[in-house]
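Residue-level listing of the chains:
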Amino acid sequence: QVQLVESGGGLVQPGGSLRLSCVVSGTMFSAYHMGWYRQAPGKERELVAAIAMGGINVNYQYSVKGRFTISRDNDKNTMYLNMNSLKPEDTAVYYCNQVKSTALMVSATFGSWGQGTQVTVSS
């Protein structure tokens, strides 16, 4: 069974920053492209950032490009999302999971989702 544990969310003001972490266990983490997804109230879950197995190739949804940075440490089975210049529209529950294609931003999952971590951007 794959376990996905997200953390690092919180309440920040517009323009603020957060660093999210995702710890993956139960599988060979380094063998998978990974990504950060988010789901805002009333909206579908969307893939916002992706990173290839080796951690070199990355891709972002246009709305977060230049503001978010995805990274991973395969030795720690951990993925990160550094979020800067946060906007109210970034408010969502953020999840981590597998990605099928980093270049094409094609989603995939391990069959389940973690608890997610809430990011709220508000004054």
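Shown above is the structure to which this text applies.
Residues numbered from 1 in each chain as written. Predicted model: local features only at pLDDT ≥ 70, side-chain atom pairs only at ≥ 80, totals over all residues. Heavy atoms only, no water.

1. Digging into the packing of aromatic side chains
Here is step 1 of the chain: Counting across every chain of the model gives three aromatic pairs.
Here is step 2 of the chain: Each member of the aromatic cluster is reached from another via a ring pair, and the members are Y37, Y95 and W113.
Here is step 3 of the chain: Across the ring face of Y95, the terminal group of R45 is positioned such that the distance to the ring centre comes to 4.9 Å.
Here is step 4 of the chain: When the ring centre of W113 is taken as origin, the NZ or CZ atom of R45, which lies over that ring, is 3.6 Å away. (Phe/Tyr/Trp six-rings, centres within 6.5 Å; stacked < 30°, edge-to-face > 60°. Lys NZ or Arg CZ within 6 Å of the ring centre and 35° of its normal.)

2. Regarding the sheet that holds strand β1 (residues 3-7)
Here is step 1 of the chain: Spatially, four strands are ordered β1-β3-β8-β7 in an open sheet, and the strand pairing comes out antiparallel. Each of the sheet's edge strands pairs with one partner strand only, and the pair in question is β1 and β7 (68-73). When the angles between neighbouring strand axes are averaged without regard to direction, this sheet yields 15°.
Here is step 2 of the chain: Of the strand pairs in this sheet, β1 and strand β3 (residues 18-25) are connected by five bridges, and their pairing is antiparallel. Looking at β3, one finds that S7 is bridged to S21. (Pairing = 2+ DSSP bridges. Helix = DSSP H or I, 4+ residues; strand = E, 2+ residues; numbered from the N terminus. Axes fitted to C-alpha atoms, helices over the stretch in contact; angles between N-to-C directions.)

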